[in-house]
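So the chains spell out like this:
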Amino acid sequence: MSEPLRYLLNDDEVPTAWYNLVADLPAPPPPALHPGTLQPAGPDDFAPLFPMELIMQEVTTDRYVDIPGEVMDVYRLWRATPLHRARRLEAALGTPARIYYKYEGTSPAGSHKPNTAVPQAYYNAAAGVRKLTTETGAGQWGTALAFACQMFGLECEVWQVRASYDQKPYRRAMMQAFGAEVHPSPSDATEYGRSLLAADPDNPGSLGIAISEAVEVAAQDPEIRYALGSVLNHVLMHQTIIGEEALLQMAKAGDTPDLIIGCTGGGSNFAGLSFPFLREKLAGNMAPVVRAVEPAACPSLTRGVYAYDFGDTAGTTPLMKMHTLGHDFIPDPIHAGGLRYHGMSPLISHVYELGLIEAEAINQTDCFAAGVQFARTEGIVPAPEPTHALAATIAEALACRETGEEKVILTALCGHGMLDMAAYDRYFEGEMVDYDYPVEQVEAALSRIPQVPA
Ligand SMILES: *Cc1c(COP(=O)(O)O)cnc(C)c1O
């Protein structure tokens, strides 16, 4: 094969601004609300948790935000990431479709997460913060933040969902290698964690619980702030470096995507790849269909309600209007830990309501089958999360084999799975199960979301 397999960018071609989709939307997203007054939350409501620079990025309507030089200096350790053409996968599928994937697994954490961890650590350090706290599910975000804190001389304390703390000792060790202190969540280090452990010492934890613990610690000390790895507008904006690079790389490849597919937990890698392409679509320069793929066991976009809800389980964050399964819904323990979140980013939920994106849900065994096929053709073992996007991509490519359509598909390969081999092991042993959509648990959780008058 002499045809290109990868499209790269030179250092001086790497984009130097993040893109804010809010600037180009036909309607503004609904504001976050103060949970007590139900009035729009102002900067002061977020100030105990985040530095002002990030709060301003959360609400800005500017189209672009310049990436600080100090952040670019760290990004340069691994950016630009490669755009691959999946020629061997295409050949194996016998499809006329052209499949491209933007690979974020070359970062220090092995995923897209450092794209926002680095600027978040930078802005906190610049504001005089001493320590960042956070939650982590699969361990990817904790690893990314631990690394980023090292770059800017910050301490880092991580609450890792108990189930993953026990199942993924190597992720924990990686966070420790990057200097973080790691607790299983629920933990005895917080009041909320102690209350949960008193009720059930074997509580397996959830992302929502771990967020509550990390927020509790940050809110008590002005030198400590909290960092969130997904969901919020500023996080999605930091991730748009992915799509800005991909636009340049697709141009080098001489192709324009007809379909863009990404997996969604809180929505950040999906937004990161797709939002710059949505800008081009809204400007009439291209017309890709943009599709989010979520786990059938935690389908916040396809089955959740669009309502104001808390971002955490304890109910301490401002209320955000989003697709939610209920803030105290605890998803089944699927292996794609990064997709086990009860809600969806408010901005993505809004974009979905506007009809600018579509969504589908897929079971995990189908996803792992796709991941294995991808590994055997492209030579990269994907993280469990992006196997959701790969399963949808492969299904589309097979449909093109029937119709003969030369569709151009671009997908987000947001991380590698080399610390997720225990999940692959379960799959190979035939022990992986699919979970039915838990109708009753979701209905119960939805009955407990706050009542906000329209
Ligand atoms: C965290 C994570 C996700 C889910 O988060 P998003 O904000 O939806 O991107 C998906 N894939 C990987 C590899 C992750 O680390």
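Residues numbered from 1 in each chain as written. Predicted model: local features only at pLDDT ≥ 70, side-chain atom pairs only at ≥ 80, totals over all residues. Heavy atoms only, no water.

So, about the nonpolar core. Core analysis: the largest hydrophobic core is formed by 71 residues, its most contacted members being Trp18, Tyr75, Val118, Phe275, Phe277 and Ile348. Residue contributions to this core peak at seven residues, all from helix H6 (residues 140-151). Shared between two domains, this core holds at least three residues of each, these being domain 1 (6-13 + 79-110 + 236-446) and domain 2 (23-66 + 113-233). Excluding residues within four positions of it along the chain, Tyr75 makes contact with Trp18, Ile67, Pro114, Asn115, Val118, Pro119, His238 and Ile241. Counting 24 residues, the second-largest nonpolar core is a separate cluster that includes Tyr101, Phe374, Ala392 and Ile394. (Core = buried A, V, L, I, M, F, W, Y, C linked by side-chain atoms within 4.5 Å. Buried < 20%, exposed > 50% of the residue type's maximum accessible area, 1.4 Å probe, protein only. Helix = DSSP H or I, 4+ residues; strand = E, 2+ residues; numbered from the N terminus. Domains from an automatic or database assignment. Contact = heavy atoms within 4.5 Å.)

Structurally, the protein chain comprises domain 1 (6-13 + 79-110 + 236-446) and domain 2 (23-66 + 113-233). Look at where the C-alpha atoms of domain 1 and domain 2 centre, and you get two points 22 Å apart. With 47 residues of domain 1 at the interface, the matching set in domain 2 holds 50 residues. Both sides of the domain 1 and domain 2 interface together cover about 3,900 Å² of buried area, and 64% of this is carbon and sulfur. By the criterion of area lost to domain 2, the three top residues of domain 1 are Ala109, His238 and Leu419, representing 17% of everything that side buries. Across the salt bridge formed by Asp420 and Lys168, the nearest N and O atoms sit 2.6 Å from each other. Counting the contacts that link domain 1 with domain 2 gives 20 residue pairs in polar contact (both at pLDDT 80 or more). Elements with a contribution of two residues or more to the side of domain 1 that touches domain 2: helix H11 (233-239), helix H12 (241-253), helix H13 (268-282), strand S12 (305-310), strand S13 (319-324) and helix H15 (346-353). (Buried area = accessible area lost by both parts, 1.4 Å probe. Salt bridge = Lys/Arg side-chain N within 4 Å of Asp/Glu carboxyl O. Polar contact = N/O pair within 3.5 Å; in protein donor to acceptor, adjacent residues only side chain to side chain.)

As a matter of local geometry, the ligand sits amid 16 residues, with Lys113, Ser230, Gly265, Gly267 and Ser268 nearest to it. Side-chain polar atom of Ser230 to an oxygen atom of the ligand: 2.5 Å apart, as the coordinates give it. In the model, an oxygen atom of the ligand is placed 2.8 Å from a nitrogen or oxygen of the Gly267 main chain. Protein burial of the ligand: of its 380 Å² of free accessible surface, 97% is covered by the chains. Its residues assigned to classes, the shell around the ligand comprises three nonpolar, 11 polar and two charged. Inspection of the shell around the ligand shows a minimum of three residues originating in each of domain 1 (6-13 + 79-110 + 236-446) and domain 2 (23-66 + 113-233). (Near = heavy atom within 4 Å. Areas by Shrake-Rupley, 256 points an atom, 1.4 Å probe, with all protein chains shown as cover. Nonpolar A, V, L, I, M, F, W, Y, C, P; charged D, E, K, R; others polar.)

A separate point is the environment of Asp309. As for its position among the elements, Asp309 is in strand S12. Excluding its chain neighbours within four sequence positions, the residues that come into contact with Asp309 are Pro318, Leu319, Met320, Met322, Thr324, Gly326, His327, His342, Ile449 and Pro450. Within the local environment of Asp309, its side chain forms a polar contact with the side chain of His327, the two groups lying 2.7 Å apart.

What the four strands build is an open sheet, ordered S8-S7-S6-S9; its pairing is parallel. Each of the sheet's edge strands pairs with one partner strand only, and the pair in question is strand S8 (181-185) and strand S9 (224-226). Each neighbouring strand pair of the sheet contributes to a mean axis angle of 25°, computed without reference to strand direction. Contacts from H6 reach strand S6 (131-136) and strand S7 (155-161) within the one sheet, and its direction differs from that of S6 by about 165°. (Pairing = 2+ DSSP bridges. Axes fitted to C-alpha atoms, helices over the stretch in contact; angles between N-to-C directions.)

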